[in-house]
Amino acid sequence: GTLVIAEQLASRASPSWRRPVLVGLAIGALALIRTVGLAVLPALLLWLMVRRRGRDAAWVLGGALIALAPWQAWTALHGDDVPASIAGGYGSYTGWLVDAYRAGGVPFAVSVLRENVRGLLMPLTLFGLIDAPRWVQATAGVPLLAFLGVGVRALWRRAPVAVLTLPPYLLLLLVWPFPPDRFLWPLWPLLLVAGVLGAQSLGWRAGTAPRRQVPVRVITGALVVMFLAWHVRTWPSRNWERGERANAHMGLAAASVAAALPADGLVASDMDAMVHLYAGRQAVPLLPLTAVQHVRARSDDEVAAQLAGVLRSYHPRWVLVTERESLRAAQVLARRGQLRLAGADSLGVVVYDVVP
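Since the structure is predicted, the reported quantities are computational estimates derived from the model, not experimental observations. (Residues numbered from 1 in each chain as written. Predicted model: local features only at pLDDT ≥ 70, side-chain atom pairs only at ≥ 80, totals over all residues. Heavy atoms only, no water.)

**Observations regarding the sheet that holds strand β4 (residues 339–344)**
Pairing between sheet strands relies on hydrogen bonds along the backbone, with the strands arranged either parallel or antiparallel. Spatially, 5 strands are ordered β2-β1-β3-β5-β4 in an open sheet, and the strand pairing comes out mixed. Either end of the sheet is taken by a strand with one partner, and the two such strands are β2 (283–285) and β4. Strand after strand, the sheet turns through a mean of 30° between neighbouring axes, direction not considered. Across the sheet, helix α14 (residues 300–314) lies against β1 (267–269), β2, β3 (318–321), β4 and β5 (350–354), angled at about 145° from β2, the strand it touches most. (Pairing = 2+ DSSP bridges. Helix = DSSP H or I, 4+ residues; strand = E, 2+ residues; numbered from the N terminus. Axes fitted to C-alpha atoms, helices over the stretch in contact; angles between N-to-C directions. Contact = heavy atoms within 4.5 Å.)

**Re the packing of aromatic side chains**
Under the defined criterion, the tally for this structure stands at 7 aromatic pairs. An angle of 15° between the planes, with centres 5.7 Å apart, marks the rings of Trp71 and Trp74 as stacked. With Trp71 and Trp74 both in helix α4 (residues 54–78) and 3 residues apart, this pair spans about one turn of that helix. With relative accessibility at 45%, the residue Trp71 sits in the partly exposed group. Ring geometry for Phe178 against Phe183: centres 6.3 Å apart, planes inclined by 70°, an arrangement best described as edge-to-face. (Phe/Tyr/Trp six-rings, centres within 6.5 Å; stacked < 30°, edge-to-face > 60°. Buried < 20%, exposed > 50% of the residue type's maximum accessible area, 1.4 Å probe, protein only.)

**Some remarks on the side chain of Thr234**
On the secondary structure map, Thr234 appears in helix α11 (residues 210–234). The class for Thr234 is buried, based on a relative accessible area of 7%. A distance of 2.7 Å separates a polar atom in the side chain of Thr234 from the backbone oxygen of Trp230. Beyond its immediate chain neighbours, meaning those up to four positions away, Thr234 contacts Asn239 and Trp240. (Polar contact = N/O pair within 3.5 Å; in protein donor to acceptor, adjacent residues only side chain to side chain.)

**Thoughts on the confidence of the model for the protein chain**
Taken as a whole, the protein chain shows an average pLDDT of 89; of its residues, 98% reach a score of 70 or greater. Within the protein chain, helix α5 (residues 87–90) has the poorest average pLDDT of any element, 79, and helix α3 (residues 40–50) the best, 95. (pLDDT = per-residue confidence, 0-100.)

**Observations concerning α4**
Taking 1.5 Å per residue as the helical rise, α4 with its 25 residues ought to reach 36 Å, and the 35 Å between its terminal C-alpha atoms agrees with that figure. The sharpest bend along α4 comes to roughly 40°, located at Leu68, with the proline Pro70 sitting one to four residues further on. Every buried residue belonging to α4 is among Asp56, Ala57, Val60, Gly63, Ala64, Ala67, Leu68 and Thr75, and all of these are buried. Those residues of α4 hidden inside the fold are in contact with α1 (2–11), α2 (18–33) and α3. (Expected span 1.5 Å × (residues − 1). Bend = angle between axes of the 7 residues up to and from the residue.)

Have a look at this one:
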C-alpha cells in the first residue's frame, strides 16, 4: 500500500503539501512496523530529487520524520533501561546491530553476508528446489534471474519507486544478522510481477521471433509446472506450518504449566509471550535473540550468562524451559546451585525453582 501511494506521488507533482506529507507518514509508519520498510524513503526521495521536485521531497521527509522522530527520541532516552540480557527481544535494534558488528568485526560481517546470501535462495522453495542439488538449482535459477532482471527493467517504466526500493532493501537483508526469509516474503508479489513481465519481454508475447519464443515458453512452462506441483503436493499437509504448529503446542503447554503455579511469583520462560497471553502471568524471556547466533551456535557458557543476567535483573521465582538451548542454560545454572529442578510434564516443559 505504501508503494502504491508513493508511485502515485512520483508520477505527478502535488499541488499542495498534504499528499507528500501523507506519503511520508505512511513510509514512517511502515518503518515502525518493519525496520527494512525504511528503504522506501531513500528510493522516493531520490526519484523526486532527480525529477527536480525538491519541495515534494522535503514534505515527504518531513512526514516521515513526524512518524519516526518521537520513537527514535524515546528509544535514545530509554534504550539503556532494558537490561542487556533481554535487549535482543525488547531493546533497540540500532544498538543491538551496532554492538554486534563492533564486537564481531570483519569476520562477523563476512559470516553474516555468507549466511544471508544462502538465505536469499528461499524463493526456490516454491518450486520444490530448496533441497535439490546445486546444479539443479542453478539450472532453474539462471532463467529465473534472467526473467527477474528483464522484468525489473520493464517494471521501471511503470513503478520506478518500487524498483529503486529494491537495492537498499536487499542491502539491508544482506547485513542484517537474521534469516532473510521473513523479509523476502513481502517482496514476493513484486518479484512475481517482475518475473511475469520478464517472460513476456523475452519471448512469451505474440510476435516474438520463434527462435526466442519457443525456448522461453518451454522454460516458463516448466517453471510454472514446478510451482504448481509443489503447491499441490504440499497443500494437503500444509507442512510449511509444521514448525509453527509445534511451537504453538509447546507454548500452550508452557502456559498451562504456568497457570498451575502459585500466583505470587514472576515466571521466566522461553515462551514468555504465550505464558503472559494464555496464563495471564507476568513473564520475562530467558534467551532473547542475539546477533551472533545467526552465524554460530551459542556456547553453554554464553547461554548460561544470559540466563543468569535475567535472574539478576528480574528475580523470577520459576524458570519454565521448552527449548533445547534454554535447557542447556538451565542445566549449567542448576549445577552452579542457582536453579533447582522442580519437575517436568509429558510434553517436555521443564520447571526449575530459582534458588534465593
